[in-house]
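Letter by letter, the chains look like this.
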Amino acid sequence: MVASRAIGSLSRFTASRTLRCSGYICRSFTRASALLTRTHINYGVKGDVAVIRINSPNSKVNTLSQELHSEFMEVMNEVWSSSQIRSAVLISTKPGCFIAGADLNMLNACTTSQEVTQISQEAQKMFEKLEKSTKPVVAAINGSCLGGGLELAISCQYRIATKDKKTVLGSPEVLLGILPGAGATQRLPKMVGIPAAFDMMLTGRSIRADRAKKMGLVDQLVEPLGPGVKPPEERTIEYLEEVAITFAKGLADKKITPKRDKGLVEKMTSYALSIPFVRQQIYKKVEEKVQKQTKGLYPAPLKIIDVVKTGIEQGSNAGYLSESQRFGELAMTKESKALMGLYRGQTQCKKNKFGAPQKEVKQLAVLGAGLMGAGIAQVSVDKGLQTILKDTTLPALGRGQQQVFKGLNDKVKKKTLTSFERDAMFSNLIGQLDYRGFEKADMVIEAVFEDLSLKHRVLKETEAVIPDHCVFASNTSALPIGEIATVSKRPEKVIGMHYFSPVDKMQLLEIITTEKTSKDTTASAVDVGLRQGKVIIVVKDGPGFYTTRCLTPMMSEVIRILQEGVGPKKLDSLTTSFGFPVGAATLVDEVGVDVAKHVAENLGKEFGERFAGGSLEMLQQMISKGFLGRKSGKGFYIYQEGVKNKNLNSDMDSILASLKMPSQPDVSSDEDIQYRLVTRFVNEAILCLQEGVLATPTEGDIGAVFGLGFPPCLGGPFHFVDLYGAQKIVDRLRKYEAVYGKQFTPCQLLVDHANNPNKKFYQ
Amino acid sequence: MTSLLTYTFKNLPNTSKWALRFSSQTKSKKTLAKPNIRNIVVVDGVRTPFLLSGTSYKDLMPHDLARAALSGLLHRTSVPKDVVDYIIFGTVIQEVKTSNVAREAALGAGFSDKTPAHTVTMACISSNQAMTTAVGLIASGQCDVVVAGGVELMSDIPIRHSRKMRKMMLDLNKAKTLAQRLSVISKFRLNFLSPELPAVSEFSTSETMGHSADRLAAAFAISREEQDEYALRSHSLAKRAQDEGLLSDVVPFKVPGRDTVTQDNGIRPSSLDQMAKLKPAFIKPYGTVTAANSSFLTDGASAVLIMAEEKALAMGYKPKAYLRDFMYVSQDPKDQLLLGPTYATPKVLEKAGLTMNDIDAFEFHEAFSGQILANLKAMDSDWFAQNYMGRKAKVGLPPLEKFNNWGGSLSLGHPFGATGCRLVMAAANRLRKEGGQYGLVAACAAGGQGHAMIVEAYPK
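The written sequence of each chain sets the order in which its residues are numbered from 1. To label them, take the chains in the order written and letter them from A, then take the ligands in the order written and number them from 1. Local features are withheld for residues below a pLDDT of 70 in this predicted model, meaning they are given only at 70 or higher, and side-chain atom pairs are given and counted only at 80 or more; totals for whole chains, interfaces and linings count all residues. For side-chain calculations, the full set of non-hydrogen atoms in the structure is used, while hydrogens and water are omitted.

Take the UniProt feature "active site" (unreviewed entry) in chain A next. All names here are of chain A. UniProt positions are given in the numbering used here, feature names are shortened, and annotations may be inferred rather than shown by experiment. Summarizing the sequence annotation, UniProt attributes the feature "active site" (unreviewed entry) to Glu 510 in the numbering used throughout. Put simply, DSSP marks the helices as runs of H or I at least four residues long and the strands as runs of E at least two long, and each gets a number from the N terminus on. Within the secondary structure layout, Glu 510 lies in strand S17 (residues 508-513). We call two residues in contact when some of their heavy atoms are within 4.5 Å. Contact partners of Glu 510, with chain neighbours within four places excluded, come to Gly 496, Met 497, His 498, Phe 500, Ile 537, Val 539, Phe 545, Tyr 546 and Thr 547.

As structure tokens, then:
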């Protein structure tokens, strides 16, 4: 009996082995022939399953370009016409990316909305054909599946995704000021329900695979594999393909149905949504929410709601038509161009153009465990960077360590980290009161109090203990790095790293180089910043660098406007309705009145009348009364723990009254007030480019939007000038100049742009 | 792989003899004795029959089982109780009442109350740790005679009140007045009653071992069929070993209130067709690890008598084997949780100055078919050796005809804390029976750890 069983398995073995062999030959054969004809897609047949593999050459990601689109169509037509093939698997062989979205260059090349609508309609047709395919198609998703990639995936009959951190699904179009233009507005609501579909399309959030499975966005999960006899990533994709093939066969044999069992809550929700009245209420609620959040400055979210509504209420034909038309319209809006520009800028600022540093930083040390120091430590340890956090007293150090722990623990509560991962990250942090271990540090970032003599002292202390190659970075918002470096024995190793508060939330890092800073030091600082997950601008040293320098004249104008009798609440609403995420008065409270005054004073001395406007006396009086902003509980507003609605600080009335100045009716309309603030900001930004503080307009836009909250819908000061028109801005400045004087004088570069309409910051 | 398996299957009795003859020619060393280091021997070892959890042992406590193993050892070796210098037991899921189960069992088994005892834990290699601790005590001259063993009783596990409930009960203890007590009780919520089970998943990764084994099998592209075939091999070999009376380390155990248990009850050779019907147990619906190709929850205990060679000889014993070089390794608990044997094998061979060809009996712990086959593939892969182990070349594939010939954890059972001693005794007994000189014991353990040890046959 044993023998017969053995023979049985032996014969099975040889059979399966030859099969595998021939499968391999056949695959490599078709692959070879397909390579000759197609660039982005090739396919092989395994048994009766076509395995369609996407891999765009010379790119880190696959994007839905016109070429890929037509190759996919060709392949699908072959799949549909082949009698040998009964089902198909669609997979990307590019590590970490299924399809990252539509090709933005394809959209940018269009000059009219009709062209864009045309693109949308072609994609719609293809995906509809795919959706109606009688041969089941399984999308096997590993890595990012976003935008057009998601629209492709949800047109397939079945989706299998790897449960990897890199595997995310989402519709981020709204973040680019457009909408999903290849059917997602019609398919998503049916697939995940109206509320979830709105959430995905209106926030653009990325959804991880396990969550996507719960939502019904994917049907099966595949666990990523560890090392075997091949690299883990390679084998994981192979395994995903194997699993997808079994499901494709199962679907073709009708052993598996693509329908999913819905839970009770889901069933009840979908029943409720079958009632028109309930649906109307939802549309209304969502619209209200969008209006409140966007202040009507972003057209895309409203159009998304509109298109979804059309599809559900008037049928999918109307829905598809509306989707393609709105898509075309949105692609031509200023907002969309601004947002796409920002997106490109962000991508650029995620690269290290200074090359790899000679020595990678492995041991970091942070001086000062305050809000900034601890924040810097947090974003370092959670990326696996060994970090020493040093302060001078145990309570201060303990507060900083607690801040790091809390930051990590909040992620555990949100389930983006496990408690074990938190503990492992937290053990990358060493808190101490002395300079022990600094002899092994590769970089020291000081975040001590903003006081030049103190910074000099810590620099000297640090240089006495650190090795020769160690970079000394100063986190300061306004003290010139060159001045800090005057006491350094090795100024080529001194650099500025200006982080923004709260460090774990704000994406920007402004790196400041002096004339003596070496290129390798810069490369090292950029490398650390990128590892900390930051978008980085590199600017030249000078008072206020770039970001603080742009903000200060605007803040000066804020004080002036307050002096002219506009209340903090009104001012806040004027600035937020222009697109700033935080109102101007609130911003002063957040930054800290003492900090604001310190900066304004310093920069005022440097720049003289161009930074004139409001009276610093106001800040001085606030400081003397202890109104330092949020940190002291009182500023323009009163801040109380656990109280959401903040009230005006009535004690400010006397200060405001004592410094009151007459308002100028010609330049005090709501719009004028907004433009007085924004034009001063923009003018200073352009001056920074003119003076070479900024290397590129892109960095100027990224710095303004991600560091200072410049309205994203305007795309940053440089996009704003390009899209709004330099002449209009110069006109505004001249008008204000006539009333207030030199602080509004437009800079030469801006005037040049106004004089020559063909001159643009972005060609 | 499959062909190897089926080949062994059919031809085992002949090939093993032939292989032995062949390998004895290539022996590179006569013995692993080292100058100035005491030789350490296993005099003998026993184990209770290993039973499926929830069967005849289900009403016992762990120290009852451990005591049975100790009594069995005393009976088998007739060692005078007062000669034993020290007792060490391994266990994994601790019974809180007897957290030092070694001491409780030793007292109950009638060992001298002057003999100290401690308990160690290192997941599935706990009793390996007990034995190597004994080796250390003897080698350093602290002891001459040590009993090492292990026990696991999965029929009963410590299920606790929730942390909130525990906290409330402790606060209640401290409350002095009625008012204080009432105020503590008033904080009670219904969800306090939900119990807390001992974790079945890895603490660091929150992944269960079966899940990890399934991923490991997939990483090495091991099919369901291969896994089922290996499991079938294990059960068939175990059945034959049982039938032929080769499992001589098993001692009968009269369970109070029940019949005497004389043999392992988890050996169930089935057919591939039957096994193919089972659904995947961890990665559903398409995984490959099933109940049939995994080791099962087991109750059992084991014990071995370890002595300095000169002491054993002075007492007139004829030891079974030397315990030679051993090695502990650890690696990534997520993706390489069960690859301990792959890492430990080349290291221990190098340390002993042996090669794969020198080994006559392999005894590897079988947690899952997929795990064993993955380890075999990893050991046979230059790519893996170069990229993950920092070695120039693979260590090579253990010949299957010398591999777990009397069954393994898949079929005999796997009481976590007790398996190590079973592996050592299986290696020692096989060397005696089959006539080889060196045995290699290896095992993986939770936490991404592993162990290997060389067992050398005692000259007859």
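Now that the structure is up, let's keep going.
All names here are of chain A. For two strands to be treated as a pair, DSSP must find at least two bridges joining them. Taken together, the 4 strands give an open sheet; going across it, the order is S4-S6-S8-S9, and neighbouring strands pair in mixed fashion. Looking at which strands have only one partner, the edges of the open sheet turn out to be strand S4 (97-99) and strand S9 (207-208). Sheet topology note: the S4/strand S6 (residues 144-146) ladder contains 2 bridges and is parallel. The residue of S6 that forms the bridge with Cys 97 is Ser 144. Against the sheet, helix H5 (residues 148-155) contacts S4, S6 and strand S8 (168-170), and its axis sits at roughly 90° relative to S6. Each axis is a line fitted through C-alpha atoms, and for a helix only the stretch in contact is used; angles between axes span 0 to 180 degrees, taken between their N-to-C directions.

Mapped onto the elements, Thr 513 of chain A comes out in strand S17. Setting aside its immediate chain neighbours within four residues, Thr 513 of chain A contacts Ile 495, Thr 522, Val 538, Val 539, Lys 540 and Asp 541 of chain A.

All right, on to the pairing of strand S14 (residues 443-446) of chain A then. Residue and element names in this part refer to chain A. Here S14 shows a buried face lined by Met 443 and Ile 445 and a second buried face lined by Val 444 and Glu 446. Taken together, the 4 bridges between strand S11 (residues 363-367) and S14 define a ladder with parallel strand orientation. Paired with Val 366 across the bridge in S14 is Ile 445. One ladder, built from 4 bridges, connects S14 with strand S15 (residues 471-474); its direction is parallel. If you follow Glu 446 over to S15, its bridge partner there is Ser 474. Each residue is placed in one exposure class: buried if its accessible area under a 1.4 Å probe, protein chains only, is under 20% of its type's maximum, exposed if it is over 50%, and partly exposed if it falls in between.

Moving on to the packing of helix H29 (residues 717-724) of chain A against helix H30 (residues 726-740) of chain A. All names here are of chain A. For the pair H29 and H30, interaxial distance at closest approach is 6 Å and the crossing angle is 105°. Here H30 runs roughly perpendicular to H29, going by the angle between their axes. Facing H29, whose interface residues are Phe 720, Val 721 and Tyr 724, H30 presents Ala 726, Lys 728, Ile 729 and Arg 732. Residues were grouped as follows: Ala, Val, Leu, Ile, Met, Phe, Trp, Tyr, Cys and Pro as nonpolar; Asp, Glu, Lys and Arg as charged; and all remaining residues, including Gly, as polar. Among the residues making up the contact of H29 with H30, the classes are represented as 5 nonpolar, no polar and 2 charged. Oblique is the label for every angle not falling under 35 degrees (roughly parallel), over 145 degrees (roughly antiparallel), or within 65 to 115 degrees (roughly perpendicular).

Okay, the packing of aromatic side chains next. When two rings of Phe, Tyr or Trp (its six-membered ring) have centres within 6.5 Å they constitute a pair, described as stacked for plane angles under 30 degrees, edge-to-face for angles over 60, and tilted for the intermediate range. Under the definition given, this model contains 29 aromatic pairs over all chains. A centroid spacing of 6.4 Å and a plane angle of 90° characterise the contact between Phe 420 of chain A and Phe 203 of chain B, whose relative ring orientation is edge-to-face. With Phe 420 of chain A in helix H17 (residues 419-426) and Phe 203 of chain B in the loop between helix H6 (178-185) and helix H7 (209-219), this pair bridges two chains. Residue classification places Phe 203 of chain B among the exposed positions, given a relative accessible area of 66%. Between Phe 718 of chain A and Phe 761 of chain A, the ring centres sit 4.9 Å apart and the planes meet at 80°, which makes this aromatic pair edge-to-face. Taken together, the residues span a long stretch of sequence, with Phe 718 of chain A in helix H29 and Phe 761 of chain A in the segment after helix H31 (748-755) at a distance of 43 residues. Residue classification places Phe 761 of chain A among the buried residues on the basis of a relative accessible area of 13%. We count a charge as sitting over a ring when the NZ of a lysine or the CZ of an arginine lies within 6 Å of the ring centre and within 35 degrees of the ring normal. Lying over the aromatic face of Tyr 435 of chain A, Lys 390 of chain A brings its terminal NZ or CZ to 4.7 Å of the ring centre. In this structure, Arg 732 of chain A is placed above the aromatic ring of Tyr 675 of chain A, and the distance from its NZ or CZ to the ring centre is 4.1 Å.

So, on to the sheet that holds strand S12 (residues 386-390) of chain A. Strand pairing in a sheet takes place through backbone hydrogen bonds and is either antiparallel or parallel in direction. Residue and element names in this part refer to chain A. As summarised here, the arrangement of the 8 strands in space is S13-S12-S11-S14-S15-S16-S17-S18, forming an open sheet in which the pairing is mixed. With one partner strand each, in any of the chains shown, strand S13 (429-432) and strand S18 (535-540) form the two edges of the open sheet. Direction aside, neighbouring strands of the sheet carry axes that sit 25° apart on average. Sheet topology places S17 next to S18; 6 bridges connect them, and they run parallel. Considered in S18, the bridge of Ile 511 is made with Val 538.

Our next topic: the UniProt feature "site: Important for long-chain enoyl-CoA hydratase activity" (unreviewed entry) in chain A. Residues and elements named next belong to chain A. Here, UniProt's "site: Important for long-chain enoyl-CoA hydratase activity" (unreviewed entry) annotation points to Glu 151 and Glu 173. For the residues just named, distributed over 23 residues, the greatest C-alpha separation is only 11.4 Å, placing them together at one site. Tracing the backbone through its elements, the reader meets Glu 151 in helix H5. Given the relative accessible area of 3%, Glu 151 is considered buried. Setting aside anything within four residues of it in sequence, one finds Glu 151 in contact with Phe 127, Glu 173, Pro 180, Gly 181, Ala 182, Gly 183 and Ala 184. Glu 173 sits in the buried class, given a relative accessible area of 8%. Residues in contact with Glu 173, not counting those within four places in the same chain, are Gly 147, Gly 148, Glu 151, Ile 178, Leu 179 and Pro 180.

Our next topic: the nonpolar core. All names here are of chain A. Of all hydrophobic cores here, the largest spans 98 residues; its most connected members are Tyr 546 and Phe 710. Counting residues per element, this core draws most heavily on helix H27 (residues 670-690), at 11 residues. Reported domain spans reflect what an automatic or database domain assignment gives. Here this core gathers at least three residues from each of two domains, domain 2 (361-531) and domain 3 (545-753). Residues Met 106, Cys 145, Leu 217 and Ile 305 belong to the second largest nonpolar core, which totals 74 residues. Buried residues of nine kinds, namely Ala, Val, Leu, Ile, Met, Phe, Trp, Tyr and Cys, make up a nonpolar core once their side-chain atoms join them within 4.5 Å.

Further remarks concern the domain arrangement of chain A. As assigned here, chain A comprises domain 1 (39-331), domain 2 (361-531) and domain 3 (545-753). Put simply, the middle of domain 1 of chain A and the middle of domain 2 of chain A, counted by C-alpha atoms, are 42 Å apart.

Residues and elements named next belong to chain B. Structurally, Asp 113 is set in the loop between helix H3 (101-108) and strand S4 (117-120). C-alpha separation for the pair Asp 113 and Arg 103, spaced 10 residues apart in sequence, amounts to 9.0 Å. When residues no more than four places from it in sequence are discounted, the contact partners of Asp 113 are Arg 103 and Leu 107. Polar contacts, as counted here, are pairs of nitrogen or oxygen atoms within 3.5 Å of one another; within protein the pair requires one atom able to donate a hydrogen and one able to accept it, and residues that are adjacent in sequence qualify only if both atoms are side-chain atoms. For Asp 113, the side chain forms a polar contact with the side chain of Lys 114, separated by 3.3 Å.

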